[in-house]
Amino acid sequence: MTKTPRGALKIIKTLKKEGFECYLVGGCVRDSLLKRKVAEWDLTTSATPKQVIKLFKKAVPTGIKYGTVTIILPDGKYEITTYRSDEKYTDGRHPDKVKFTKSIEEDLGRRDFTVNAMAYDPESKELVDIFGGKKDLKKQIIRAVGSPIQRFKEDGLRSIRACRFAAKLSFKIEPKTLAAIPKTLNITKKVAPERIHDELLKIMETDQPSIAIELMRKTGLLKIILPELLGCVKVRQPRPFHLYDVYWHSLYSMDATPKGNPILRLASLLHDIAKPECKKGMTFYNHNVKGEAKVEKLLKRLKFSNAHIKKIKTLVRHHMFNYQSEWTDAAVRRFIKRVGLENIEDLFAVRAADTAAMQETIGLDYLKKLKKRINKILKQEHTFKVTDLAINGNDLIQTLKIPPGPKIGQILNALLEKVIDNPKLNTKARLKDLLNQFKTK
Ligand code: ATP
Ligand code: MG
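Parameters and conventions
- Residues numbered from 1 in each chain as written.
- Chains lettered and ligands numbered in written order.
- Predicted model: local features only at pLDDT ≥ 70, side-chain atom pairs only at ≥ 80, totals over all residues.
- Heavy atoms only, no water.
- Near = heavy atom within 4 Å.
- Polar contact = N/O pair within 3.5 Å; in protein donor to acceptor, adjacent residues only side chain to side chain.
- Areas by Shrake-Rupley, 256 points an atom, 1.4 Å probe, with all protein chains shown as cover.
- Helix = DSSP H or I, 4+ residues; strand = E, 2+ residues; numbered from the N terminus.
- Domains from an automatic or database assignment.
- Salt bridge = Lys/Arg side-chain N within 4 Å of Asp/Glu carboxyl O.
- Buried < 20%, exposed > 50% of the residue type's maximum accessible area, 1.4 Å probe, protein only.
- Contact = heavy atoms within 4.5 Å.
- Buried area = accessible area lost by both parts, 1.4 Å probe.
- Expected span 1.5 Å × (residues − 1).
- Core = buried A, V, L, I, M, F, W, Y, C linked by side-chain atoms within 4.5 Å.

Every one of the 16 residues lining ligand 1 counts as a neighbour, but R30, D155, R158, R161 and R164 are closest to it. Separating an oxygen atom of ligand 1 from a backbone N or O atom of G27 is a distance of 3.4 Å. One of the backbone N or O atoms of N116 is found 3.0 Å from an oxygen atom in ligand 1. Considered on its own, ligand 1 offers 590 Å² of accessible surface; in the complex 84% of this is hidden by protein. With five residues, the single largest contributor to the shell around ligand 1 is helix α7 (residues 157-169). Each of domain 1 (6-133) and domain 2 (140-225) gives at least three residues to the shell around ligand 1.

Next up, the structure:
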């Protein structure tokens, strides 16, 4: 077992001294047994939330309705949840009723998979494993606690979670658990999009998210969550550049995008999403532009934030650039302006993954060369947005004697175009000169 952090040990000791039970539970027990890095050290206790709050100076009732209190200690935050048994989840969001109990067995029985339903006391080294979680870790399988159909009917998110854990741990889903997924799709359809959003992001954080997406395709989940991707299946692409159809190319692009930023991985998964409807023979004209609109709709449906939608749209829109060494410096600067300096790194990451998922022989040389050019330009130049100009809207209003309005933005943009072509123009005096030309026009 991974060494338990001080804070978690202190919580367990404190509660046990007061006569309560307290264990590490869920993901941290599973990941410790697997010798994987533990993300959060969650705890479970027989004490009620009120009793927990009384015992700790900094205890915040973060999910009090579900019995969860967050304890803040010098080495971190710990979530501690009172033993509970959940009743039905009719809204697909939250259990209708939670009932606190005094039995750890009952609490473990409400959990989704055997590997997630173990509790551990690091003091006594007792492992509470009534559903055979340890055995399933050895067998590398995700198995529902109890009847899979019943468990997926209680909460339709669990089938998506099964696919996520399969990808996270590189495990198989046990056959009966897997067979229950297509039979409970109607329940999954009712799950709140906010919960699917969270799972989808967590899928993107696994080592190989394609495992989860492909499991979702095979079981019918993808039709509910991302039906747009199904349209990419068997859509052929020109050889020799492409080895795979659009669906597999998208999945491999996602896997090849560095872990750590789930939004980039999602952008890679979706970058060619409009190829099916743009296909004419072996060309896909305008699929980046159509794709931009398509991802916006899809991401809104899944309740992504405006910032994330904006980022993914930008990456889809611009993923098609083709660099040639003949580009002038002005062309490189125009490229930076078009994409936005803040998106360049991300676009390169997506593009590198896109290229890697085509044909290894293409190589990444062109990206390295463009990166070099960009870096060289950034050493001399930092004017890529209207706000980088040596004059602003107020200067325009004064010089041109025109009222505030959209015209100001248009003129600033025209000035920016000129500065991108010739950076030397970016001084107050020279820009004012240019403005006077506007005036006389
Ligand atoms: P990760 O490390 O990926 O966060 P985790 O096991 O901690 O994995 P969480 O989603 O954080 O997963 O949930 C914590 C624990 O709560 C799970 O291990 C499981 O025991 C239980 N759990 C979470 N969601 C559900 C659910 N929808 N149904 C049943 N049990 C659940
Ligand atoms: Mg967790």
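On we go from here.
Using the criterion set out here, one finds 29 salt bridges in the structure. Residue R110 pairs with D107 through a salt bridge whose shortest N-O separation is 3.2 Å. Across this residue pair, the class does not change: R110 and D107 are buried. When the shortest N-O distance is used, the salt bridge between E296 and K300 registers 3.3 Å. Of the two residues, E296 and K300 are both situated in helix α17 (residues 287-301); the distance of four residues between them amounts to about one turn of the helix. Salt bridges here are not isolated pairs; linked through shared partners, they connect R151, E154, D155, R158 and R195.

Here we take up the domain arrangement of the protein chain. Partitioning the protein chain into domains gives domain 1 (6-133), domain 2 (140-225), domain 3 (226-382) and domain 4 (386-438). Between the C-alpha centres of domain 1 and domain 2 there is a distance of 23 Å. Each partner contributes residues to the interface: domain 1 has 18 residues there, and domain 2 has 22 residues. Regarding the contact of domain 1 and domain 2, the summed buried area is about 1,700 Å², with carbon and sulfur atoms giving 56% of it. At the boundary of domain 1 with domain 2, the tally comes to one salt bridge. Across the salt bridge formed by R161 and D112, the nearest N and O atoms sit 2.7 Å from each other.

Turning next to helix α20 (residues 344-356). Spanning 13 residues, α20 covers 18 Å between terminal C-alpha atoms, matching the ideal 18 Å at 1.5 Å per step. α20 sits mainly inside the fold: ten of its 13 residues count as buried. Every buried residue belonging to α20 is among I344, D346, L347, F348, A349, V350, R351, A353, D354 and T355, and all of these are buried. As for α20, its buried residues are in contact with α14 (246-256), α15 (262-270), α18 (306-318), α19 (329-339) and α21 (365-380).

This brings us to the nonpolar core. By size, the foremost hydrophobic cluster in this structure holds 115 residues, and its most contacted members are I11, I213, L269 and F335. The biggest single contributor to this core is α7, with eight residues. Counting seven residues, the second largest nonpolar core, distinct from the first, contains Y23, V25, L108 and V128.

Attention shifts here to the environment of A47. Note that A47 resides in the loop between β2 (43-45) and α3 (49-55). Owing to a relative accessible area of 0%, A47 belongs among the buried residues under this scheme. When the C-alpha atoms of A47 and T101 are compared, they prove to be 9.4 Å apart, with 54 residues separating the residues in sequence.

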